[in-house]
Each structure stands twice: as structure tokens, then as C-alpha cells.
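Reading the structure
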Amino acid sequence: QLIALSYPSVGSRNELTETAETAATILGGENSRLYWNVVQAGISPRAGAFHVQYEDCGLMMLYGACQPEHFDKLSETLQTEADKLCQEKVQPHEVERVKNKRRTSLAVEGEAPYHRLTQIMEDMDCRGRPRTVEELLADIDAVTADRIFEYFEQYPINAGGHVASVGPLEA
């Protein structure tokens, strides 16, 4: 059984885009809350969250896969983690862990011609001008636990979303 919870989010032109990306990673990236509280808890072999961004809008997606008999537990746990993220500030060490990884990735991507070209193309398409690596790093550095909390006040993931589920057909 697959489940996806989707919620409105910011687009690529919004100043909170990097904040949304960081929040999604804290919730559902590697070594994330969903990894420890869903996957490692044995509820689902795959669960996570990610931020999808278009020019002027975006989505925050939470997802998981499980045996059909575990669907209710998976759905409940995804919602519990979403509630916690919206109601309590994330820990500073969670933010720093993600920012450190993002900075490292950005440095590596900035040195690889293909990745840098795609960054420039996306910036031209969405912003009308390319950003420097220093500007991208400044966006990462601006993310804080307070800013993530403010993001979830504007774009909550504990109400107003959509649920999609796909599973086996009844015989």
C-alpha cells in the first residue's frame, strides 16, 4: 500500500524555498525523523518527505509504503510527525546537520560543470538571472529553526492537504 500526503508550499522564487527544502530533509531525508520513527521502527520499508518547487508554487510531500494491514499505523505516524513539526520548533542541531550537508553538496555541485549549468538554467528560468554560489550559500545560511517554524505557520502540513493511496485490489 502506498500513501502520499501533499500540502501547498512555496515556489522557487519565494525567499522561503531553501527553508522548505531544509524542513523536508529534516522530516524525511536521510537520517531524518521519518527514517527513525517510521522506517527504523518497522512501520514501513520506505518513507520520507520532499519539497517540489515550480516557479510560483510548490508542494510538500510525505510518503510511505507498507503492507495493507499496516496502512492505518503508517498514516497515523506520518500525520503525528507532521503535527510535531508544525507545533514544535525543530532542534538547532537538526538544522545545522542539514545545512552542513547542503553546503557540501553545493560546493561539489558548483565545481561540476553539468550541475552548475543546471543551477544557472533554473535560475534564469525562474529568477531571470543566475545566482552566484555565494548567493546560494547565503540562502542556506539564512535557514534557522525559527524560520522553519514560521514557514510551517504559513504552510502547515497538519491540515488542509490531500491524501492519495494506492494498494492492492480486493478480489
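Examining the packing of aromatic side chains
We describe a pair of aromatic rings using the distance from one ring centre to the other and the angle between the two ring planes. Applying the stated criterion across every chain, the model contains four aromatic pairs. Between Y151 and F152, the ring centres sit 5.0 Å apart and the planes meet at 70°, which makes this aromatic pair edge-to-face. Note on Y151 and Y155: the rings are 5.4 Å apart at their centroids and 25° apart in plane angle, and the pair reads as stacked. A relative accessible area of 21% means that Y155 is categorised as partly exposed. Grouping aromatic residues by their ring pairs yields a cluster made of Y151, F152 and Y155.

Concerning the pattern of salt bridges
Evaluated as defined, the whole model comprises twelve salt bridges. Across the pair K101 and E30 runs a salt bridge whose closest N-O atoms are separated by 3.0 Å. With a gap of 71 residues between them, K101 in helix 4 (residues 92–111) and E30 in the loop between helix 1 (17–28) and helix 2 (33–39) connect regions that are remote in the sequence. The exposed category is assigned to E30, whose relative accessible area is 61%. Residue R131 is joined to D123 by a salt bridge in which the shortest nitrogen-to-oxygen separation is 3.0 Å. R131 gets classed as buried once you look at its relative accessible area, which sits at 14%. Salt bridges linked by common partners bring D123, R127, R131 and D139 together as one network.

What counts as what
- The residue numbers shown here count from 1 along each chain, following its written sequence.
- In keeping with the predicted nature of the model, local features appear solely for residues at pLDDT of at least 70, side-chain atom pairs appear and are counted solely at 80 or more, and the whole-chain, interface and lining totals rest on all residues.
- To get the side-chain values, all heavy atoms of the structure are used, and hydrogens and water are removed first.
- Side-chain rings of Phe, Tyr and Trp, where Trp is taken by its six-membered ring, are said to pair if the distance between their centres is within 6.5 Å; with planes under 30 degrees apart they count as stacked, over 60 as edge-to-face, and otherwise as tilted.
- Exposure categories follow from relative accessible area, calculated using a 1.4 Å probe and restricted to protein chains: below 20% of the type maximum is buried, above 50% is exposed, and the middle band is partly exposed.
- Whenever Lys or Arg places a side-chain nitrogen within 4 Å of a carboxyl oxygen from Asp or Glu, that contact is recorded as a salt bridge.
- Secondary structure elements are defined from DSSP: runs of H or I of at least 4 residues count as helices, runs of E of at least 2 residues count as strands, and each element is numbered from the N terminus.

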